[in-house]
Amino acid sequence: MNDVEISQFLKVHEFVSPRRERFRERDAVVFDFRVRPGFKSSNRQENLISKLIGVVWIDPADKQVMRLEARLAEGFKMGGGLLVNLRPGAAFVMEQTRVAEGLWLPRTAQINLSVKVLLFGGGDYNQTFEWSDYKHFSGDVGDYKLDAPKTDAPKVDSSKMPKP
C-alpha cells in the first residue's frame, strides 16, 4: 500500500473533544479522532483509515503533530480475508521531537498488530523504532574552489588506425 497522506486522514476523520495538555514540556492541543458519520471509502487506503480511532497531540505554535495514537476499531481484510486479515486492536503510536525552531523529526514509532496472511501464516508483530541524538551540522563553502575537470582521455595514434 502506498504512503498515506495527511489529506486522506483529514478527509476520513472528524476531530472531537478538544483540550489543552502539556506534553514533553510543551503546550499541546489534543483531539480524539473518529471516522466521519456516513463516510464511504472510495479506495483501499480510505477503507483502512476509516477503521482507525485514536488521539492526536498537536503543537499549536508550530502546527505539527507531536504524538499520534491510533488503533484499529474493527478488523481490516484484503481479498475478503484470504490475503490479509488484520485483527481489531492493532495499534500504531508515533511521536516527533522538536529539534530546532519549527523543525520536527521522528522520535519513536511503535506498531503492535495481529495478522493472518494467506489463510495459513501470520502472527503477532510488535516493533518499536527510535530515533535520537540528532545533531545540527553547518559548513561554510564560500571560499572553496573547484579545479577544472581533468581529461585523461587516452591519446590515439592515428598511424595505427586501420585504413578504410
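Rules and cut-offs
Residues numbered from 1 in each chain as written. Predicted model: local features only at pLDDT ≥ 70, side-chain atom pairs only at ≥ 80, totals over all residues. Heavy atoms only, no water. Helix = DSSP H or I, 4+ residues; strand = E, 2+ residues; numbered from the N terminus. Buried < 20%, exposed > 50% of the residue type's maximum accessible area, 1.4 Å probe, protein only. Contact = heavy atoms within 4.5 Å. Areas by Shrake-Rupley, 256 points an atom, 1.4 Å probe, with all protein chains shown as cover. Patch = residues over 30% accessible without salt bridge, like charges linked within 9 Å, V, L, I, M, F, W, Y side chains within 5 Å. Salt bridge = Lys/Arg side-chain N within 4 Å of Asp/Glu carboxyl O. Polar contact = N/O pair within 3.5 Å; in protein donor to acceptor, adjacent residues only side chain to side chain. Phe/Tyr/Trp six-rings, centres within 6.5 Å; stacked < 30°, edge-to-face > 60°. Lys NZ or Arg CZ within 6 Å of the ring centre and 35° of its normal.

A. How the structure looks around the overall build of the chain. From N to C terminus, the chain includes two helices and nine strands. The order of α-helices and β-strands along the chain, N terminus first, is α-β-β-α-β-β-β-β-β-β-β. Of all 164 residues assigned to the chain, the portion counted as buried reaches 27%. Relative to all contacts within the chain whose residues are 6 or more apart in sequence, the contacts with residues 24 or more apart total 42%. When the accessible area of the chain is evaluated, it comes to approximately 12,300 Å², of which 54% is carbon and sulfur surface.

B. Quick look at a nonpolar patch on the surface. Taken together, Val99, Leu103, Tyr125, Phe129, Trp131 and Tyr134 make up a surface patch of nonpolar side chains, about 520 Å² in accessible area. Tracing the sequence through the fold places valine 99 in strand 7 (residues 91-100). Owing to a relative accessible area of 37%, valine 99 belongs among the partly exposed residues under this scheme.

C. The arrangement of the side chain of aspartate 59 in detail. Position of aspartate 59 relative to the elements: it lies in strand 3 (residues 52-59). For aspartate 59, a relative accessible area of 1% corresponds to the buried category. A distance of 2.6 Å separates a polar atom in the side chain of aspartate 59 from a polar atom in the side chain of arginine 26.

D. Highlighting the packing of aromatic side chains. Counted under the stated rule, the structure contains four aromatic pairs. On the numbers, 6.2 Å between centres and 80° between planes, the contact of phenylalanine 15 with phenylalanine 31 is edge-to-face. In this pair, phenylalanine 15 is assigned in strand 1 (residues 13-23) and phenylalanine 31 in strand 2 (residues 26-35), connecting sequence segments 16 residues apart. Overall, the relative accessible area of 30% leaves phenylalanine 15 in the partly exposed class. For phenylalanine 31, a relative accessible area of 22% translates into the label partly exposed. Considering the side-chain rings of phenylalanine 15 and phenylalanine 33, the 6.2 Å spacing of their centres and the 50° angle between planes classify their relative orientation as tilted. With phenylalanine 15 in strand 1 and phenylalanine 33 in strand 2, the pair connects residues that are 18 residues apart, well separated along the chain. A connected cluster of aromatic rings, assembled from ring pairs, spans Phe15, Phe31 and Phe33. Geometry around tryptophan 57 places arginine 67 over its ring, the cationic atom sitting 5.6 Å from the centre.

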